[in-house]
Amino acid sequence: MSSSWGNYLKISIFGESHGPRIGVVIDGLPAGLAIDRGTLSAFMLRRAPGRSKTSTPRRESDEPEFLSGYYKGMTTGTPLAAAIRNSDTHSSDYAEFSSVARPGHADYTGFLRYEGYNDIRGGGHFSGRLTAPLVFAGGIAKQLLEREGIFIGAHLARAAGISDTPYDPVHLGEEMLRRAGLRDFPTNDEAAGIMMQDAIEEARMALDSVGGVVECGVIGFPAGIGSPMFDGLENRMASLLFGIPAVKGVEFGDGFTAADLRGSQHNDAFAIRGGAIVTETNHAGGILGGISSGMPIIVRAAFKPTASIAQTQQSVDFIEHTQGNLNIRGRHDPCVAVRAVPVVEAAVAIAAADALIEARGYEGLQRPWGPEEE
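Residues numbered from 1 in each chain as written. Predicted model: local features only at pLDDT ≥ 70, side-chain atom pairs only at ≥ 80, totals over all residues. Heavy atoms only, no water.

Definition in use: UniProt positions are given in the numbering used here, feature names are shortened, and annotations may be inferred rather than shown by experiment.
Looking at an unreviewed UniProt entry, the chain carries the name Chorismate synthase, with the source organism given as Anaerotruncus colihominis DSM 17241. If you open the UniProt record of the chain and go to Pathway (unreviewed entry), you find "Metabolic intermediate biosynthesis; chorismate biosynthesis; chorismate from D-erythrose 4-phosphate and phosphoenolpyruvate: step 7/7." Turning to the chain, the UniProt record has this under Catalytic activity (unreviewed entry): "5-O-(1-carboxyvinyl)-3-phosphoshikimate = chorismate + phosphate".

**Some thoughts on the overall build of the chain**
Here is the rule: Strands are runs of DSSP state E lasting at least 2 residues, helices are runs of H or I lasting at least 4, and numbering of each runs from the N terminus. We compute the radius of gyration from the C-alpha atoms alone; for a globule the expected value is 2.2 Å times N to the 0.38, where N is the number of residues. Whether two residues touch is decided by their heavy atoms; if any such pair falls within 4.5 Å, the residues are in contact. Here the Shrake-Rupley method, with its probe set to 1.4 Å, supplies the accessible areas, and only the displayed protein chains count as covering residues.
Along the chain, the regular secondary structure elements total nine helices and 18 strands. For 374 residues, the compact-globule formula gives about 21 Å, and the C-alpha radius of gyration of the chain, at 21 Å, lands near that figure. Projected onto its principal axes, the C-alpha positions of the chain cover 70 × 50 × 40 Å. Taking the contacts inside the chain whose residues are at least 6 apart along the sequence as the reference set, 73% of them involve residues at least 24 apart. Put simply, the chain shows about 17400 Å² of open surface, and 53% of that area lies on carbon and sulfur atoms.

**Looking at unusual backbone geometry**
For Ala-246, which is not a glycine, the phi torsion comes out positive at approximately 85°. With respect to the helices, strands and loops of the structure, Ala-246 is situated in the loop between α6 (233-241) and β11 (247-252). With a phi close to 55°, His-321 is a non-glycine residue in the positive phi region. Tracing the chain through its elements places His-321 in the loop between β17 (313-317) and β18 (322-326).

**Regarding the sheet that holds strand β10 (residues 212-219)**
Note the cut-off: The criterion for strand pairing is that DSSP finds at least two bridges linking the strands in question. In this description, a line fitted to the C-alpha atoms serves as the axis of each element, helices being fitted only across the stretch in contact, and the angle between N-to-C directions of two axes falls anywhere from 0 to 180 degrees.
In space, the five strands of this open sheet follow the order β9-β8-β10-β16-β11, with antiparallel pairing throughout. The outermost strands of the open sheet, each flanked by one partner alone, are β9 (162-163) and β11. In this structure, β10 lies alongside strand β16 (residues 297-303), joined through seven bridges in antiparallel fashion. Of the residues in β16, the one forming a bridge with Glu-215 is Arg-300. This element, α6, spans β11 and β16 of the sheet and lies at about 160° to β11. Each of β8 (151-159), β10 and β16 touches helix α9 (residues 341-360); the most contacted strand, β8, lies at about 140° to it.

**A word on the UniProt feature "binding site: NADP(+)" (unreviewed entry) in the chain**
Selection criterion: The buried label applies to any residue whose accessible area, calculated with a 1.4 Å probe on protein chains only, is under 20% of its type's maximum; exposed applies above 50%, and partly exposed to all values in between.
UniProt's feature table lists "binding site: NADP(+)" (unreviewed entry) at Arg-47 and Lys-53, given in the numbering used throughout. Position of Arg-47 among the secondary structure elements: in helix α1 (residues 37-47). Taking relative accessible area as the criterion, Arg-47 reaches 4% and is therefore assigned buried.

**Some details on the nonpolar core**
The cut-off we apply is this: Put simply, buried Ala, Val, Leu, Ile, Met, Phe, Trp, Tyr and Cys residues joined by side-chain atoms within 4.5 Å make one nonpolar core.
One finds Ile-26, Phe-136, Phe-221 and Phe-303 to be the most contacted residues of the largest nonpolar core, which totals 78 residues. Considering every element that reaches this core, the biggest residue donor is α9, with 14 residues. Phe-221 has contacts with Ile-150, Leu-233, Ser-292, Gly-294, Ile-297, Ala-352, Ala-355 and Leu-356, leaving out every residue within four places of it along the chain. Counting residues in each nonpolar core, the second largest holds seven residues, with Tyr-167, Leu-172, Met-176 and Ile-219 among its members.

This is the structure:
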């Protein structure tokens, strides 16, 4: 199904933007995984709306309600289900879009796919609101991975043409991975963040929007995990990243830049450092042949400008087959990439955890108790 994903760690996301609740069912979590609720809530708050002028003014607490698979602070091993309440909805803003196609949105294609039965309020199941349960699942995956010594972080690498300090693809550390997530605006360089915010505000005041790029890094991921061809580590991560609304491009390592290099420039020379096999550079982004090399995994997701802008635009009524202008009301992010930073972290974490469980099995994962307590 289109809203379900996973080989070993499986997720299924449900709900609509203006329905009573949205949520996720996670199947495949090991029993006995201790979940730090405070850390999980803080991670979800980074994505939550209504925190700044760069975000939609819609306000949601995004506090998840555990429905199953969780007991006495730990996973039970059965499917873990959680729901998040939608409370601040203005459904009347979307009444006219049941038959009028908003440019850049899935109104027309969704109508064709679901024969007009889909919920159009707030974008329905196509809405970025559905990334909240994805972040919930990713927050749990991050905690599982950190117990294995694997750390994931992301930052807003570019917005409105302004670039942040990129991750060092060879000497990437935990402190750098955590830096952007501890700030109100998710950049490594505060000065770059201020310039981005000014540019985003300028677009908002012009009734417009801007796009951006989120860079994500993974360190501590063991070498030798993944597969060639169609089930590689890049494939898994990319499939989840493309499930995030507004993502239009994904690249690993040098990505599209590699197309302009020679082999002598792009190849990563192997070396031995401290008894470990490493590469002197990391143009490949930590993955070769769909399999992890042990170097930091570097992946970037490109986000288009927010489709909902307040300028008058041309469109059509796809039921009446008439053409005219429309003005979009509602509350929207002038740059969706800002709040998408933890969403990218979540997607990468879920894919990494799925591949790790496949490679090691549940018996190869750390438990929250010692042998004497078992």
